[in-house]
Amino acid sequence: MARLELRGITKRFGDQVAVAGFDLAVENGELVTFLGPSGCGKTTTLRITAGFEQPDTGEVLVDGQDVTALPPNRRGMGMVFQGYALFPNMTARDNVDFGLAVRQRPVAERRRRVDELLALFHLDHVATHYPHQMSGGQQQRVALARAIAIEPAVLLLDEPLSAVDAKVREELRTEIRRMQVQLGITTILVTHDQAEALSISDRVVVMDRGVIEEVGTPARIYAEPRSAFTAGFIGAMNELPVRVVSQREGLVEREGRRFAAPGATELPDGAAGLLLVRPESLQPLDDGAVARPGTPILRGRVEVQTFLGATTRLLLGDLARTDQDLAGTGAAADRGGSPEQLAVDVPSSAAARWPVGSELQVAVPLASTRVIAARSAADAAAPRPSTAAAPAGVPAAGGR
Amino acid sequence: MSQSQPLTAEATRAVLTIGRSRRPSGSRAWSAVVLVLAVLYFFLPLVGTASFALSTGKVFTLQPLLDALADPDAQGSILLSLGFAVATTVVTVAIVAPSAYLVELRLPRLRSLLDFVTILPFVIPPIILTLGLEEVYGIHGVVNLVGSPVLLIGGYFALTLPFVYRAIDNALRAIDVRTLTEAAESLGAGPIRTFLRIIVPSISTGLLSAALLGFTTIMGEFTLASLMGYPTFPVMLNNTYASAAREAASLVLVAFFITWACVLALAVVSRRSPAARAVATAR
């Protein structure tokens, strides 16, 4: 239970920059997730924190103490590995007990503590089982119990749920969060699964190509992504190309129509931007329904219906002008030639009203949208500058 | 007779290989044929030896065997061979296991070099090995080890290195050495504890087969012992054969029994121990 600080962490493997200028403070009892695609540097950063890798530059601090030079076995950090890494020659109980045995705690105390942990993770009935006799979920719970047994200053979880099946994953996810809150352990979770990151974190660190894209609460990152990368990586997002016409007034232009949109005040006049809007924010207009004045409206033809449970996602193509036009076919060129599509989530109970082939008008509630800088073609092609971290909040270079 | 001794080591290797391999069921018939041929190949000489050793005229009796064992020379040579075999096995495994672990964990680049070095004893004839050892550790050598059993054990170390290293390296590759080590480190364990408490138990079957291969090789080794003047069991067999062929044949049977006892022990140990079973299943 401690405050963890990573200062200016940089790590190269040969020519490859794995992590560049990573700065982060994790507060006592906080659960912070490193989220990003494979190769974004999240695992390297975690391994540097644990002491398995040495950073080229930068420091790891626990409660203000510099531990960068300490070997992993003297950092007191609990780690849960992707493939469990249980000791195959030991029972569940002995696995959990290992760290306590190393610390030469009195036998009675060890027994009590191991019993507690086995109970906490519902493992009592498999205490004498060897790893190969347990299910994936049970093995992962043993791995968690083993890491927590040593009362770690910081708990490090490296894609802990990637090896278990979907149903167990959700259960374990909840269990990890419950346990983490209950015990108040400062925790770092590494994952490429945005649903996992959003569901259990206090804060999410979105990473791409070795640098932090942005840091924020799950709600903030979901509602107001500050970079095109985050927008594209987290959840489903519609991106409509716009151009900023007035930074001062927060006005953007699309296909000759001007309107005010949140975020436009942060971009310079003339900048190419993307208007971001979630599929669930778009409001389908039934025949005769009228949107609030000033609300842009898009019209399109339903091409695909995807049943998602409570909602059904409609994919609109053939986006066309309406009276309060926002869409245009010219936009296709901005998106690498792919025809523009729009995802709209509607309640599944109402989905039958818009069968494939039918026309649909949707209102774009501007309050639920956000304008960010577009990925420029140069950005997308050129490698990211190797050392400079993107300043927080500035939506630089999101393209992948 | 010295030739039938290395055969025991060969047989052991064959038994281990058959026990380990997992073939698709389609080739089962073919495997059976090979197995039968192998059994005939290995057992016919043994049956021949046994019938020669134990039959006086038309009666089979264990008396020649007991007589041979009662001979103080035979007892001494068996004990000497056992001593060398145990010492060499312990030394070799104790040196090779940590080395292979370190190479696997920290110096993977050295692996190809190690692979090469451990093949050398296959390529270098024992006679050359002996001459080389005499050159460096002989009377005119850098260090004079003549008369010390250390010299022979050193030579045996080189001879058994290929088998021991390969068995241990295979076992190490079958487990995730790196992650297991990191897991132990993150729980506070230092390198020695990690090796002894986690790695060694996880590769115990591999260590046992390594030890067995080394042991049987030394039990049957003739050239080095003979050249260095140690009356080990094979050397004594060779001497006996000239004068008392039947007694020598009896002693060959003894050698077979020792080897088989080792194989049986290995099979029992690797089947009984829950830890070894756990590791084997985890693979």
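For clarity, every value in this text was computed on a predicted model and none was experimentally measured.

As a further point, take the overall build of chain B. Secondary structure summary: chain B contains 14 helices and two strands in total. When the 283 residues of chain B are sorted by exposure, 34% land in the buried category. Counting only contacts in chain B whose residues sit at least 6 apart along the sequence, the fraction spanning at least 24 positions is 78%.

One open sheet holds the four strands; their spatial order is β2-β1-β4-β5 (chain A), and the pairing between them is antiparallel. Strands with a single pairing partner mark the edges of an open sheet, and in this sheet they are β2 (16–26) and β5 (65–66) of chain A.

Taken together, the contact between chain B and chain A spans 22 residues of the former and 22 residues of the latter. Taken together, the elements giving at least two residues each to the side of chain B that touches chain A come down to α8 (177–186), α9 (191–202) and α14 (274–282) of chain B. Across the side of chain B that touches chain A, the residue classes break down as twelve nonpolar, six polar and four charged.

Residue and element names in this part refer to chain A. Along the chain, Leu123 falls in the loop between α3 (107–120) and α4 (136–149). The class for Leu123 is buried, based on 22 C-beta atoms found within 10 Å. With 22 residues separating them in the primary sequence, Leu123 and Ala145 have C-alpha atoms 9.4 Å apart. With near-sequence residues (within four places) excluded, Leu123 lies in contact with Ala92, Leu118, Gln138, Arg141, Val142 and Ala145.

Let us look at unusual backbone geometry. Residue and element names in this part refer to chain A. Of note, Asp63 is a non-glycine position whose phi angle comes to about 50°, a positive value. When you line up the elements, Asp63 lands in the loop between β4 (57–62) and β5. In this model, Gln104 sits at a positive phi of 55°, which is unusual for a non-glycine residue. Assignment of secondary structure puts Gln104 in the loop between α2 (92–102) and α3.

Below, the discussion takes up the confidence of the model for chain A. All names here are of chain A. Averaged over all residues, the pLDDT of chain A equals 84, while 87% of them reach at least 70. For the stretch residues 321–338, pLDDT sits under 50, and the model shows 30 contacts to residues farther than four places along the chain or on other chains. Long-range and interchain partners of residues 378–400, a stretch whose pLDDT sits below 50, account for 35 contacts in this model, where long-range means more than four residues apart.

Sheet strands associate in pairs through backbone hydrogen bonding, adopting either a parallel or an antiparallel arrangement. Residues and elements named next belong to chain A. Read across the open sheet, the six strands follow the order β6-β7-β8-β3-β9-β10; overall the sheet is mixed. Sheet topology places β6 (77–80) and β10 (211–216) at the edges, where each strand pairs with a single neighbour. Going across the sheet, the axis of each strand differs from the next one's by a mean of 20°, ignoring polarity. Bridging between strand β7 (residues 154–158) and strand β8 (residues 186–191) involves five bridges; their strand directions are parallel. The residue of β8 that forms the bridge with Leu155 is Thr187.

Reading the values: rules and limits
- Residues numbered from 1 in each chain as written.
- Chains lettered and ligands numbered in written order.
- Predicted model: local features only at pLDDT ≥ 70, side-chain atom pairs only at ≥ 80, totals over all residues.
- Helix = DSSP H or I, 4+ residues; strand = E, 2+ residues; numbered from the N terminus.
- Buried ≥ 20, exposed ≤ 12 C-beta atoms within 10 Å, placed from the backbone.
- Contact = placed C-beta atoms within 7 Å.
- Pairing = 2+ DSSP bridges.
- Nonpolar A, V, L, I, M, F, W, Y, C, P; charged D, E, K, R; others polar.
- pLDDT = per-residue confidence, 0-100.
- Axes fitted to C-alpha atoms, helices over the stretch in contact; angles between N-to-C directions.

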